Amino acid sequence: MRVGDGISTDFWRDSWIAGIDPLIGYVSERLAHSLGCVSVASMADGNGNWLWHKFEHLLPLNIRLRIAAAGCPMAGFAADSECWKGNVQGNFTVKSAYVIWCGPTAPNDGKLWKMLHKYRGLQRVKTFLWLVCLGWVLTNSERVRRHISDNAGCTLCGELIEDVNHLLRWCSQAIGVWISLIKPDFLSLFLTMNVKEWVYLNLTDATRMVNHPED
Ligand SMILES: [Zn+2]
């Protein structure tokens, strides 16, 4: 669902935040069955503020941060509408259907590698960006894949899988920075786009997304 005024979207059971399942899936089984149908609008005050006390005790930190990043419904916004789940804009495209079918790909790989080749920042940053784009960063999930560890989780926030996406964007230690840095209109896209496209965007057009680029 694409949330506008939040009235016709079920807070717990509809899929309304890009990239994550319905919120009820993150509530402990013991409590999930007692949750009734409540609208997204009823979890906000109508002026753009979440009523956190109604739900924050039921959801883990990383999901609360996703809600904060999703933006809040407001009275007077357009009605909620159904949308295509395949991309954050909610518009059906052949590309997004292809991504669902085949898994994420970065169509601008050639441009990306050229951009990294030309990068003139610190060498160790350049090397790290190469590793990110090649999927070779030694995250805990990668350690498990290489049979050098049996713990794929994040030691900072407790998330069960620490992959490169978690490391750079979704860890509770990172997402707070992005929420304060990135303009609300871009935040959802910024946090859910393909990692390689994300690196490319950061290297080419980052100032457009930042709240106060001069800071
Ligand atoms: Zn983490």
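Our structure is the block above this text.
Bear in mind the structure is a predicted one, so any value in this text is a computation, not a measurement.

### What to know about the overall build of the protein chain
Part 1 of the argument: Assigned secondary structure in the protein chain consists of ten helices and zero strands.
Part 2 of the argument: Out of the 215 residues belonging to the protein chain, those deemed buried represent 18%.

### Structural notes on the environment of Met 115
Part 1 of the argument: One can find Met 115 in helix α4 (residues 109–118).
Part 2 of the argument: Taking the C-beta count within 10 Å as the criterion, Met 115 has 16 such neighbours and is therefore assigned partly exposed.
Part 3 of the argument: Spatially, the C-alpha atoms of Met 115 and Thr 204 are 8.5 Å apart, while their sequence positions differ by 89 residues.

### Here's the deal with the nonpolar core
Part 1 of the argument: Residues Ile 17, Val 40, Ala 69 and Ile 175 are the most contacted members of the largest nonpolar core, which totals 27 residues.
Part 2 of the argument: Here this core gets four residues from one element, more than from any other, and that element is helix α2 (residues 61–70).
Part 3 of the argument: Each of two domains, domain 1 (23–83) and domain 2 (105–208), supplies a minimum of three residues to this core.
Part 4 of the argument: When residues no more than four places from it in sequence are discounted, the contact partners of Ala 69 are Ile 175, Ile 179, Leu 187, Ser 188 and Leu 191.

### Considering the packing of α2 against helix α8 (residues 172–181)
Part 1 of the argument: Following both chains from N to C, one finds α2 and α8 inclined at 10°, their axes separated by 10 Å at the closest point. The angle between α2 and α8 falls in the class roughly parallel. Crossing angle aside, the handedness with which α2 passes α8 is left-handed. For the pair α2 and α8, contact is made by Leu 61, Asn 62, Leu 65, Ala 68 and Ala 69 and by Ser 172, Ile 175 and Ile 179, respectively.

### Looking at helix α5 (residues 123–134)
Part 1 of the argument: For α5, with twelve residues, the first-to-last C-alpha span of 16 Å sits near the 16 Å given by 1.5 Å per residue.
Part 2 of the argument: Burial within α5 is sparse, with just one of its twelve residues counted as buried.
Part 3 of the argument: Among the residues trailing α5, Gly 135 stands out with phi positive, at a value near 75°.

Rules of the game
Residues numbered from 1 in each chain as written. Predicted model: local features only at pLDDT ≥ 70, side-chain atom pairs only at ≥ 80, totals over all residues. Helix = DSSP H or I, 4+ residues; strand = E, 2+ residues; numbered from the N terminus. Buried ≥ 20, exposed ≤ 12 C-beta atoms within 10 Å, placed from the backbone. Core = buried A, V, L, I, M, F, W, Y, C linked by C-beta atoms within 7 Å. Domains from an automatic or database assignment. Contact = placed C-beta atoms within 7 Å. Axes fitted to C-alpha atoms, helices over the stretch in contact; angles between N-to-C directions. Parallel < 35°, antiparallel > 145°, perpendicular 65-115°, else oblique. Left-handed = near helix turned anticlockwise from the far one by under 90°. Expected span 1.5 Å × (residues − 1).

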